[in-house]
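A look at the structure
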Amino acid sequence: LRNLNQDTITQAVIARLAGTPDARLKEVMTNLVQHLHAFARETRLTEAEWQAGIEFLTAVGQHSDADRQEFVLLSDILGLSTLTVTQNHDKPAGLTESTVMGPFYVADAPQLSGGAKLSADRPGQPCLVWGRVGAIDGAAIAGATVEAWHCDGDGLYDIQQGQGEQRHCRGVLQTDAQGRYQIQTIVVPSYPVTADGPVGQLLGAMASQPWRPAHIHFRVSAPGFETLVTHVYREGDPYLDSDAVYGVRESLIVPWVEDTQGRCVIEFDFVLQRSLA
Ligand code: BEZ
Ligand code: FE
């Protein structure tokens, strides 16, 4: 293991992985080393570029904490999140498609009861989101947990607005006996992904547009079914074909219709996949 050079280093590292007890870890690390080395070789990575990469990843870590996940954002703008979601959720037609989780999910969002508004005190055009949660055979799923979250009228999520900020535009509810859910909230705009960190700077350096089409996030779960993480998008949004994080799927785009009282109404049914186990 002396005098390793650009032709022998890759095999040396892979050989050292030979004794990894966990077979899957061994496979993941072997492929990672192979592809990482191939990247450096094919790119003819310079030492200055290696240093810039280390500094960039350090900054991504420094901009990540319990409320902000800059690494998720990095994965999202590189298309890695969409690749991982799509190769793990290749579903038969008729089931609701999955898309990226994004960095703004909170596991302990407030329970919405008695018609409480998801938007809490945030101003905006009133919006009703409603529909059914069911199985592929049409059976209603009663008591399914529906978690919803979206940005406010300024395009910001509550957790982007600092520690101590009240939770708003997120909540949890359960479907009724017919599998129905109903959410009172506000209309959400298209918004640019966070530009004040290293990933935003990278998007700027790539002259890449940072906008996401207007959407509402959902996580829908029920015993005996695969948990669904998805969005509902607004038909006609100008960013549907240039989403900064590659998360748009045709089947998730629906009309957001204004009713006679000036309220936006979105109807969306979720169809869950039964768990294999
Ligand atoms: C979001 O929709 O919340 C989101 C998704 C990916 C990256 C940034 C934001
Ligand atoms: Fe979002």
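Residues numbered from 1 in each chain as written. Chains lettered and ligands numbered in written order. Predicted model: local features only at pLDDT ≥ 70, side-chain atom pairs only at ≥ 80, totals over all residues. Heavy atoms only, no water.

1. Focus on the packing of helix α3 (residues 47-62) against helix α4 (residues 70-77)
Helix-helix packing: each pair is described by the crossing angle between the helix axes and the interaxial distance. Across the interface, α3 lies against α4 with an axial gap of 7 Å and an inter-helix angle of 125 degrees. The orientation of α3 relative to α4 falls into the category oblique. Within the contact between the two elements, α3 uses Phe56, Leu57, Val60 and Gly61 and α4 uses Glu70, Phe71 and Leu74. Taken together, the residues that form the contact of α3 with α4 break down as five nonpolar, one polar and one charged. (Axes fitted to C-alpha atoms, helices over the stretch in contact; angles between N-to-C directions. Helix = DSSP H or I, 4+ residues; strand = E, 2+ residues; numbered from the N terminus. Parallel < 35°, antiparallel > 145°, perpendicular 65-115°, else oblique. Contact = heavy atoms within 4.5 Å. Nonpolar A, V, L, I, M, F, W, Y, C, P; charged D, E, K, R; others polar.)

2. Describing the site of ligand 1
Near ligand 1 the following residues occur: Leu73, Asp76, Gly102, Pro103, Phe104, Tyr157, Tyr191, Val193, Arg212, His215, His217 and Val245. Between an oxygen atom of ligand 1 and a side-chain N or O atom of tyrosine 157, the distance comes to 3.3 Å. Here an oxygen atom of ligand 1 sits 2.9 Å away from a polar atom, N or O, in the side chain of histidine 217. Coverage of ligand 1 by the protein amounts to 100% of the 260 Å² it exposes when considered alone. According to the grid-proximity analysis, the pocket containing ligand 1 is the largest cavity. For the shell around ligand 1, the secondary-structure elements that each account for two or more residues are α4 and β7 (215-221). (Near = heavy atom within 4 Å. Polar contact = N/O pair within 3.5 Å; in protein donor to acceptor, adjacent residues only side chain to side chain. Areas by Shrake-Rupley, 256 points an atom, 1.4 Å probe, with all protein chains shown as cover. 1 Å grid on protein atoms, 1.4 Å probe; cavity = no way out; pocket = protein on both sides within 12 Å on 5 of 7 lines; lining within 4 Å. Sits in = over half its atoms within 2 Å of the grid points.)

3. Some words on a nonpolar patch on the surface
A contiguous nonpolar surface patch, about 570 Å² in accessible area, is contributed by Leu32, Leu36, Phe39, Leu45, Trp50 and Ile54. For the nonpolar patch, the secondary-structure elements that each account for two or more residues are α2 (23-43) and α3. Looking at the nonpolar patch element by element, the count peaks at three residues for α2. Within the secondary structure, tryptophan 50 is located in helix α3. (Patch = residues over 30% accessible without salt bridge, like charges linked within 9 Å, V, L, I, M, F, W, Y side chains within 5 Å. Salt bridge = Lys/Arg side-chain N within 4 Å of Asp/Glu carboxyl O.)

4. Focus on the coordination of the iron ion (ligand 2)
At this site the iron ion (ligand 2) is bound by Tyr157 (OH), Tyr191 (OH), His215 (NE2) and His217 (NE2), with donor distances of 1.9 to 2.1 Å. Sequence spacing of the donors to the iron ion (ligand 2): Y-x33-Y-x23-H-x1-H. Of this pair, tyrosine 157 sits in the loop between β2 (145-149) and β3 (170-174) while histidine 217 sits in strand β7, placing them 60 residues apart in sequence. Accessibility expressed as a relative area gives 3% for histidine 217, which makes it buried. (Donors = N, O, S within 2.8 Å, 3.2 Å for Na, K, Ca; no water. Buried < 20%, exposed > 50% of the residue type's maximum accessible area, 1.4 Å probe, protein only.)

5. Re the pattern of salt bridges
Applying the stated criterion across every chain yields a total of twelve salt bridges. Put simply, arginine 122 and aspartate 152 hold a salt bridge, and the shortest N to O gap is 3.5 Å. You can see arginine 122 sitting in the loop between α5 (80-88) and β1 (126-135) and its partner aspartate 152 sitting in the loop between β2 and β3, a full 30 residues away along the chain. A single salt-bridge network, built from bridges that share partners, covers Arg68, Glu70 and Asp196.

6. Brief notes about unusual backbone geometry
With phi around 50 degrees, alanine 120 is a residue other than glycine that occupies positive phi space. Tracing the chain through its elements places alanine 120 in the loop between α5 and β1. Of note, the phi angle at alanine 207 is positive, near 50 degrees, even though the residue is not glycine. Structurally, the position occupied by alanine 207 is in the loop between α6 (198-205) and β6 (211-212).

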